[in-house]
Number of protein chains: 2
Amino acid sequence: MDRIMKERTSVGKAKEIFFEVIQPLERTEILEIQDCVGRVLSTSVLAPRNVPHYRRSAMDGFAVRSVDIIGASSTNPVMLQVSDEIEEGASVRVSTGAYVPDEADAVLMLEDTISIGDMIEVRAQVHPGKNVGDVGEDVRKNEIIFNKGHLLRSCDIAVLASLGISEITVYAKPVVAIIPTGNDLISLKDSELPPAGKTLDINSLMIGLYVTKWGGEPRYCDIVPEDRELIKEAVNLNLDADFIVISGGTSVGEKDYVPDVVASLGKKLVHGVGLSPGKPTALGIIDDVPVLCMPGYPAAGLVALFAFGKPAIQKAGNIPAMPDLTVKVRLSGKINSREGYVSYARVILEDSTARPLMTAGAGILSSIAKSGGFVIIPENVEGYEEGNEVEVVLIE
Amino acid sequence: MDRIMKERTSVGKAKEIFFEVIQPLERTEILEIQDCVGRVLSTSVLAPRNVPHYRRSAMDGFAVRSVDIIGASSTNPVMLQVSDEIEEGASVRVSTGAYVPDEADAVLMLEDTISIGDMIEVRAQVHPGKNVGDVGEDVRKNEIIFNKGHLLRSCDIAVLASLGISEITVYAKPVVAIIPTGNDLISLKDSELPPAGKTLDINSLMIGLYVTKWGGEPRYCDIVPEDRELIKEAVNLNLDADFIVISGGTSVGEKDYVPDVVASLGKKLVHGVGLSPGKPTALGIIDDVPVLCMPGYPAAGLVALFAFGKPAIQKAGNIPAMPDLTVKVRLSGKINSREGYVSYARVILEDSTARPLMTAGAGILSSIAKSGGFVIIPENVEGYEEGNEVEVVLIE
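Criteria and thresholds
- Residues numbered from 1 in each chain as written.
- Chains lettered and ligands numbered in written order.
- Predicted model: local features only at pLDDT ≥ 70, side-chain atom pairs only at ≥ 80, totals over all residues.
- Helix = DSSP H or I, 4+ residues; strand = E, 2+ residues; numbered from the N terminus.
- Rg over C-alpha atoms; globule rule 2.2 N^0.38 Å.
- Buried ≥ 20, exposed ≤ 12 C-beta atoms within 10 Å, placed from the backbone.
- Contact = placed C-beta atoms within 7 Å.
- Pairing = 2+ DSSP bridges.
- Axes fitted to C-alpha atoms, helices over the stretch in contact; angles between N-to-C directions.
- Least-squares fit on C-alpha atoms with pLDDT ≥ 70 in both.
- Nonpolar A, V, L, I, M, F, W, Y, C, P; charged D, E, K, R; others polar.
- Arc of directions from axis to C-beta.
- pLDDT = per-residue confidence, 0-100.

Asks: So what about the overall build of chain A? Which residues, and what values?
Replies: Scanning chain A from N- to C-terminus turns up seven helices and 28 strands. In terms of C-alpha radius of gyration, chain A reaches 31 Å, well past the compact-globule figure of 21 Å for 396 residues. In terms of overall dimensions, chain A has C-alpha extents of about 95 × 50 × 40 Å along its principal axes. Split into buried and exposed, the 396 residues of chain A put 53% on the buried side. For chain A, restricting intrachain contacts to residue pairs at least 6 apart in sequence, the fraction spanning at least 24 positions comes to 71%.

Asks: Before we move on, could you go through the sheet that holds strand E18 (residues 267-271) of chain A and cite the residues and values that matter?
Replies: Residue and element names in this part refer to chain A. Judged by pairing direction, the sheet is mixed, and its six strands sit side by side in the order E16-E13-E17-E21-E20-E18 without closing on themselves. Two strands in the sheet have a free side with no partner beyond their single neighbour: strand E16 (217-220) and E18. On average, each strand axis in the sheet is inclined to that of its neighbour by 20°, with strand direction left out of account. As paired strands, strand E17 (residues 243-247) and strand E21 (residues 289-294) are joined by four bridges and run parallel to one another. Residue Val-245 lies in a different strand from E21, and its bridge partner there is Leu-292.

Asks: With reference to specific residues and values, describe the relation of the copies chain A and chain B.
Replies: Expressed as a screw transformation, the operator carrying chain A onto chain B has a rotation angle of 180° and an axial translation of 0.0 Å, and the superposed copies differ by an RMSD of 0.0 Å. Overall, the copies show the geometry of a two-fold rotation axis. For chain A, the minimum C-alpha distance to the rotation axis belongs to Leu-325 of chain A and amounts to 2.9 Å.

Asks: Tell me what's going on with the interface of chain A and chain B, and back it up with residues and numbers.
Replies: One frequent convention defines the size of an interface as the accessible area lost when the parts assemble. Facing 58 residues of chain A, the contacting portion of chain B comprises 58 residues. Counting residues per element, the side of chain A that touches chain B draws most heavily on helix H2 (residues 154-162) of chain A, at eight residues. Within the side of chain A that touches chain B, the residues separate by chemical class into 33 nonpolar, 13 polar and twelve charged.

Asks: Now, about helix H4 (residues 228-237) of chain B: what can you tell me, with residues and values included?
Replies: Residues and elements named next belong to chain B. Taken together, the buried positions of H4 are occupied by Ile-231, Ala-234 and Val-235. The buried residues of H4 occupy an angular sector of 95° when the element is viewed end-on, so they sit on one face. At its buried positions, H4 is contacted by strand E13 (175-180), strand E17 (243-247), helix H5 (258-265) and strand E20 (282-286).

Asks: Lay out the sheet that holds strand E8 (residues 113-116) of chain B in plain terms, naming residues and giving numbers.
Replies: All names here are of chain B. A sheet is described by the order of its strands in space; here six strands give the open sequence E7-E4-E6-E5-E9-E8, paired in mixed fashion. The open sheet terminates on both sides in strands that have one partner only, identified here as strand E7 (106-109) and E8. Looking at each pair of strands side by side, their axes are set apart by 40° on average, direction ignored. Here three bridges tie strand E4 (residues 61-64) to strand E6 (residues 90-94), and the two strands are oriented antiparallel to one another. When the bridges of E6 are listed, Phe-62 appears paired with Arg-93.

Asks: Quick rundown of the environment of Ile-376 of chain B? Include the residues and the values.
Replies: In this structure, Ile-376 of chain B sits in strand E26 (residues 373-377). Other than its neighbours up to four places away in sequence, Ile-376 of chain B contacts Val-342, Tyr-344 and Val-393 of chain B.

Asks: For the environment of Leu-349 of chain A, give the residues involved together with the corresponding values.
Replies: Residues and elements named next belong to chain A. Within the element layout of this structure, Leu-349 appears in strand E24 (residues 342-350). On the basis of neighbour count, Leu-349 is assigned to the partly exposed category, with 17 C-beta atoms found within 10 Å. A sequence separation of 18 residues divides Leu-349 from Ser-367, and the C-alpha atoms of the two residues are 12 Å apart. Not counting residues up to four positions away in its chain, the partners in contact with Leu-349 are Val-329, Ala-354, Gly-372, Gly-373 and Val-392.

Asks: Requested: an account of the pairing of strand E5 (residues 78-82) of chain A, with residues and values cited.
Replies: Note: E5 of chain A against strand E9 (residues 119-122) of chain A, four bridges, orientation antiparallel. Bridge pairing in E9 of chain A links Gln-81 of chain A to Met-119 of chain A.

Asks: I'd like to hear about the confidence of the model for chain A, residue by residue, with values.
Replies: Mean pLDDT for chain A: 92, with 95% of residues reaching 70 or above. Quick note on the complex model: pTM equals 0.91, ipTM equals 0.90.

Asks: With reference to specific residues and values, describe the pairing of strand E24 (residues 342-350) of chain B.
Replies: Residues and elements named next belong to chain B. Two elements, strand E19 (residues 275-276) and E24, share two bridges in a ladder whose sense is parallel. Looking across to E24, one finds that Leu-275 is bridged to Val-342. Alignment of E24 against E26, held across five bridges, turns out to be antiparallel. Each bridged residue has a counterpart across the sheet, and for Ser-343 the counterpart in E26 is Ile-377. Of the strand pairs in this sheet, E24 and strand E25 (residues 353-356) are connected by four bridges, and their pairing is antiparallel. By the bridge assignment for E25, Ile-348 is matched with Arg-355.

Right, here's the structure in full:
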């Protein structure tokens, strides 16, 4: 294959070219806040009110007029009435977070008092404002609480709820059309044991589950035979999507029409990248819809999906990039890599070591099941020796 | 408060005590594979068949009898018939992944042939077995594909699908009863702007969303007033759950009955931990149901939830621990910590620095909204200086 597919764009360059043409979508939707974990704000959120919206006590104790207890101490206590209202010589029992009556200017800690009938003996003085949270002290009305583009976490939903916000406008999820191609593919719905020479289309499901995980909305399309016109038709039917992933038909075989079809309908940006496995990946754009053509082999497709699909779909969906989940471990075997390629070496995580998978061909299904993560080897590194400490990107 | 709540267990010791009493649940359920991302296998999965279940071609080319082309080369080519069946002097066109007829013992690469009418000129010899994947080469029937306890990723679902598996037995999600306590709490359903002195119960929603994220099934309970008998009743009603989280009522105020109720119904294991914020956290067990009593203040509750709730709920649910998502950045300000406490310092992430949040009281809601993560400072560290490189655990 390499002898025929001569073109090879570096992973870095390919990403640059591809991501540059991807426009984050502008479509929005209004949702109830409890459904917004992992969604992205399409406008900044201003506080609709002050928090607290009343003066609140920061302590369990008594709301007082500080002037009434000037000079109070354990050796020189002052007596105050416990009442429902503040007036000269009177206090009101308050819990933490409670309303502090307007006439009071401070809260005396419970520990600084001794209760005697309906009176308290006050054993400390307080200065005005002590233990009283002012209106708007925490959040001021019309203050920006979250910026446009903020990815909402569970705790943020609680913050919104506390402000009395029950619905919010977020970016719509990017619709990702998934088009499987191949004459020998059989839908998962049709068969559990395909006839010899036929392969179950597992890539659609795999891509769809990742798209969901990464914040997109998968649209599963029917399997398309390796026919130029039929592939064209399937792509044209999905140009209303925000992103298209085509699986299979990217290597230079007799019937691998996919990148040509992309070129004929729009622009083929890259075909052949320095990615191992995953070299036959192609990238393009048709009418503003980014197209990722990934190899049909599951392991190669998975790598292409992680390297290009995830960041591209997230860019299309306005979803901020997050760091990968990684662990640092020592290699229990040597990893060789391919010169000029970014290599995704699958490893088995065992205790605190990573064991390279030996039979890691692009088509080897069991290698996906066994591997806990990838050691990603840059183009300019030859590989790693047994005992080297490496960073393993966990397969999510 | 500190003067009264004298007990203080270290975070490490408290975790040890709490996690020791938590029994992973044994309840299972059968689900369709596409619904199993993030679920945990309750039994090992054996391959129900060989993969491939037929001898498959590893290349685009021609299935041949290797004996027919011994000695073939570009200078000494051999001619073969292209046919539908293998016999002496005949070959069958195969694509990558295709069935290799039983009579053939090798696949010749397309690139080593020149097509001439219904013949091919063969310009290389192949040894027996070349480019042919054997039955079971990738996965052998009855081989263990995934071990019991494996957390299913999207790619694993694809592996299961490829084996013809459409349903799988996984552990049930742990049911986590969430009991909010407090006289001043108002349900989110009842009000958007609570009267002065009243607080919206945002903790239930926050806890519930995190429980969902961590693989549990939240059960939202009604708000319980600060009354010993009513709290008892609420807890008793939820002893069919796998885990109980009680929010509020853990600090030593007049009406903070929660830890006492836990002690009276079962065993209070810990009350008061060296966690800042989050000191009033209590841990207990009632009839094999672990109970986490977390402070009602959102920021303190959040820290208690991350420090104790997440690992405990995941242990109860058989969910393997994953590393936290972290970034390494420099501090743009000093962080002080409290001696003898594990401190969760909230920081704002700006470009490649972390700015400590100054007004980070336990009740300060805005600090949650603003902070991208925590710098977790161990008990024996006094704090960090401006310019220090620190690891920030991103708030998920």
